[in-house]
Amino acid sequence: MKNKRILLIMSGGIAAYKCLELIRRLRDKGAHVRVVMTRAAQQFVTPLSVSALTNEKVFTDLFDLNDEREIGHIRLSREADAILVAPATADLIAKMANGHADDLASSVLLASDKPPLVAPAMNPRMWMNKATQRNVSQLEADGVRFIGPEVGEMAEANEAGPGRLVEVPALIEALSKMPGIAAGSEPSDRSHSMLKHGGLEGLHVLVTSGPTHEPIDPVRYIANRSSGKQGHAIAAAAQAAGARVTLVSGPVNIPDPEGVEVVRVETAEAMLAAVEKALPADVGIFCAAVADWHVASQGAQKIKKQKGAAPPKLELVPNPDILKTIATRKKGRPDLVVGFAAETEKVLEHARAKLASKGCDWIVANDVSAGTGVMGGDRNKVHVVRDGGQVSWPDMSKVQVADALVGAIVAELAKKKIAPAEKERGKKARGK
Ligand SMILES: Cc1cc2nc3c(=O)[nH]c(=O)nc-3n(C[C@H](O)[C@H](O)[C@H](O)COP(=O)(O)O)c2cc1C
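Rules used throughout
- Throughout this document, residue positions are counted from 1 along each chain, in the order its sequence is written.
- Per-residue local features are limited, in this predicted model, to residues with pLDDT of at least 70; the limit for side-chain atom pairs, both in listing and counting, is 80 or more; totals at the level of whole chains, interfaces and linings are taken over all residues.
- Helix and strand assignments follow DSSP, with helices taken as H or I runs no shorter than four residues and strands as E runs no shorter than two, numbered in order from the N terminus.
- Burial in this document is a count-based property: other C-beta atoms within 10 Å of a residue's C-beta are tallied, and the residue is buried at 20 or more, exposed at 12 or fewer, or partly exposed in between, with C-beta positions derived from the backbone.
- Once C-beta atoms are placed from the backbone, any two residues with those atoms within 7 Å are in contact.
- To obtain an axis, a line is fitted to C-alpha atoms, over the contacting stretch when the element is a helix, and the angle between two such axes runs from 0 to 180 degrees between their N-to-C directions.
- Roughly parallel means an angle under 35 degrees; roughly antiparallel means over 145; roughly perpendicular covers 65 to 115; every other angle is labelled oblique.
- Helix crossings are classified by the rotation of the near helix relative to the far one: an anticlockwise turn of less than a right angle makes the crossing left-handed, while a clockwise turn makes it right-handed.
- Amino acid classes used here: Ala, Val, Leu, Ile, Met, Phe, Trp, Tyr, Cys and Pro are nonpolar; Asp, Glu, Lys and Arg are charged; the rest, including Gly, are polar.
- Confidence scores here are pLDDT values: one per residue, from the predictor, ranging 0 to 100.
- As used here, a nonpolar core is made of buried Ala, Val, Leu, Ile, Met, Phe, Trp, Tyr and Cys residues. They are joined through C-beta atoms within 7 Å.
- Note on pairing: DSSP must find at least two bridges between two strands before they are called paired.
- Throughout this description, a residue near a molecule or strand is one whose C-beta atom, derived from the backbone, lies within 6 Å of it.
- When the strands point away from the viewer, a crossover counts as right-handed if the path from the first strand over the helix to the second runs clockwise.
- This arc describes the spread of directions from the helix axis toward the C-beta atoms.
- To estimate how far a helix should extend, the number of its residues minus one is multiplied by 1.5 Å.

### Focus: the overall build of the chain
Across its full length, the chain carries 16 helices and 22 strands. When each of the 432 residues of the chain is scored for burial, the buried share is 44%. In the chain, the share of contacts with a sequence separation of at least 24, taken over all contacts with a separation of at least 6, comes to 70%.

Shown next, in the form of structure tokens:
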């Protein structure tokens, strides 16, 4: 970061105060920081404070004759090695997506020759609003990089969800990977977890993923269309947040997430055995699409077609219910048990019924009916259902869903005041 020139564009959100710390840390690393503030940003933090920290004039006015002569809105962006928009309001994101240039911040961004890094911060409803999501998708398609928002408690009382500005160290790390800052290193894209904030250190997270295969005979089996993409992304996000992760996976054709212990299984019975063996865990996330039934008597040899005879009848018997078995354990139940519900109709109604019948803490329900492309696809739209409420997240990539879910888990553990390190120590003391 030494001698790198960062242009920080601040818009008007409560999280603007975090930029004071950000500027200090960037300057500690030897960066030169110039700041553009929107009129609204100046309601939250004074240009005087920002100027004192940057040791530079703060730029606020598009029509400032002196500034236009000396530096100007074009040079402001051209003279920067990287541009960071933080906090990025819903309003500024909308202006960027639509090419507005009616103030200094939006004019600089429109005149820029480099895509900025954008760190949104806003109320969860504003973030999840279709208009904001549409604007974000448009900007992503235009090559703009986003970091965050994180899921957690909002400054407003009783509000939680995706919308928090990512913490300063994560902002600096993402900035350090921008072209112009780290030559030759591309910033990580949305196909990898952007979670860098930790929060699960010292905890063991158990995740199941993929389908199960239930044999009919040595060559045939009953399966489903699960790809494992969502479960694997969750395992990767939990690992990125600092957890030790065990991933029990059915047969899939995708790579193992890095730094995660993977146990491969085929059937539901084998999955349950592997899950029980991996316990104790602090958090259990049961994302696998486990077959409900297996064939009562599997053929020891390939079942042959008999000329003139009726096709064989398959008798199905129930598989163990992995989610319920773990969620209702008297001893060694994870503190937080999250189940997934793949539904093709009455998604929320079925999710509520599943929450009640399985004994788990949260159900993440997704609509997997034909035409949604969720099974096997890269995107997902989920509803997180829990006792006393539900939140519906917008359509996102499965990696973003994983990041948001892990962020929500971190926030939940913090709310329960479970300090991971203390907890781990307590467990050892109890000989768990
Ligand atoms: C107390 C208060 C807090 C606000 N916090 C946010 C916020 O965190 N994120 C956001 O997108 N807008 C927030 N707003 C609304 C923006 O300030 C408003 O949309 C403004 O027009 C944004 O202008 P700008 O994008 O030019 O900075 C807040 C407004 C108020 C009054």
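Having seen the structure, we can now continue with the description.
### Looking at the environment of glycine 299
Position of glycine 299 relative to the elements: it lies in the loop between strand S15 (293–295) and strand S16 (316–318). Measuring from C-alpha to C-alpha, the distance between glycine 299 and valine 219 comes to 9.6 Å, with 80 residues separating the pair along the chain. Those residues in contact with glycine 299, other than ones at most four positions away along the chain, are Ile216 and Asp217.

### A closer look at the packing of helix H1 (residues 18–28) against helix H3 (residues 47–54)
Closest axis-to-axis distance for the H1/H3 pair is 9 Å, and the angle between their directions is 10 degrees. One element, H1, and the other, H3, form an angle in the roughly parallel class. Where H1 crosses over H3, the two elements pack in a sense that is right-handed. Residues Leu20, Ile23 and Arg24 of H1 pack against Ser49, Val50, Leu53 and Thr54 of H3. Of the residues that constitute the contact of H1 with H3, the class distribution is four nonpolar, two polar and one charged.

### Observations concerning the confidence of the model for the chain
In this model, the chain carries an average pLDDT of 87, and 89% of its residues clear a pLDDT of 70 or more. For residues 428–432, every residue scores under 50 in pLDDT, and the model assigns this stretch two contacts once sequence neighbours within four places are set aside.

### As for the nonpolar core
Within the largest apolar cluster, 68 residues are counted, with the highest numbers of intra-cluster contacts made by Val205, Val207, Ile234 and Ala238. Top contributing element to this core by residue count: helix H15 (residues 398–415), with ten residues. When near neighbours in sequence (up to four residues on either side) are disregarded, valine 207 contacts Gly231, Ile234, Ala235, Ala238, Val245, Leu247, Ile285 and Cys287.

### Considering the sheet that holds strand S12 (residues 244–249)
Taking strand neighbours across the sheet as the criterion, the eight strands line up as S13-S12-S9-S14-S17-S18-S20-S21 in an open arrangement whose pairing is mixed. Of all the strands in the sheet, just strand S13 (261–264) and strand S21 (389–392) have a single pairing partner and so form its edges. On average, each strand axis in the sheet is inclined to that of its neighbour by 15 degrees, with strand direction left out of account. As paired strands, strand S17 (residues 336–343) and strand S18 (residues 362–367) are joined by six bridges and run parallel to one another.

### As for unusual backbone geometry
The omega angle of the peptide bond from glycine 148 to proline 149 is 5 degrees, so this bond is cis rather than trans. Locating proline 149 in the fold gives a position in the loop between strand S6 (145–146) and strand S7 (150–153). Cis geometry is found at the peptide bond from leucine 279 to proline 280, where omega equals 5 degrees. Relative to the helices and strands, proline 280 resides in the loop between helix H12 (268–278) and strand S14 (283–286). Its identity is not glycine, yet asparagine 55 carries a phi of approximately 60 degrees, on the positive side. Mapped onto the fold, asparagine 55 is located in the loop between H3 and strand S3 (58–59). With phi around 40 degrees, lysine 346 is a residue other than glycine that occupies positive phi space. Judged by the 11 C-beta atoms lying within 10 Å of it, lysine 346 falls in the exposed class.

### Some points on the site of the ligand
Close contacts around the ligand come from 15 residues, with Ser11, Gly12, Gly13, Ala40 and Thr89 the closest. Ranked by the residues each element gives to the shell around the ligand, the list is headed by helix H6 (residues 90–98), at three residues. Its residues assigned to classes, the shell around the ligand shows nine nonpolar, five polar and one charged.

### Quick notes on the packing of H6 against helix H9 (residues 130–141)
The contact between H6 and H9 brings their axes to 9 Å, and the two run at 50 degrees. By the criterion of interaxial angle, the relationship of H6 to H9 is oblique. For the pair H6 and H9, the sense of crossing is left-handed. Here Ala90, Ile93, Ala94, Met96 and Ala97 of H6 lie close against H9, whose contacting residues are Ala131, Thr132, Asn135, Val136, Gln138 and Leu139. Taken together, the residues that form the contact of H6 with H9 break down as eight nonpolar, three polar and no charged.

### Quick look at the pairing of strand S1 (residues 5–10)
Burial of S1 is extensive: five of the six residues sit out of reach of the surface. Across six bridges, S1 lies against strand S2 (residues 32–37) in parallel orientation. Across the sheet, methionine 10 pairs through a bridge with methionine 37, a residue of S2. Note that the unit made of S1, H1 and S2 has a crossover that is right-handed. Pairing of S1 with strand S4 (residues 82–88), which is carried by four bridges, proceeds in the parallel orientation. By the bridge assignment, leucine 7 is partnered in S4 with isoleucine 83.

### A look at the sheet that holds S1
If you trace the six strands from one edge of the open sheet to the other, you get S3-S2-S1-S4-S5-S6, paired in parallel fashion. Two strands bound the open sheet, and with one partner strand each, they are S3 and S6. The strands that H1 touches are S1, S2 and S4; relative to S1, the one it contacts most, it runs at about 180 degrees.

### Let's talk about H12
Turning to H12, its buried residues are Ala268, Met271, Leu272 and Val275. One side of H12 carries all its buried residues, which in axial view fall inside an arc of 100 degrees. Buried residues along H12 sit in contact with strand S9 (204–209), strand S10 (214–215), S12, S15 and helix H13 (322–327).

### A closer look at H15
With 18 residues, H15 ought to run about 26 Å at 1.5 Å a step, and its terminal C-alpha atoms sit 25 Å apart, in line with that. Counting buried residues in H15 gives 15 out of 18 residues, a clear majority hidden from the surface.

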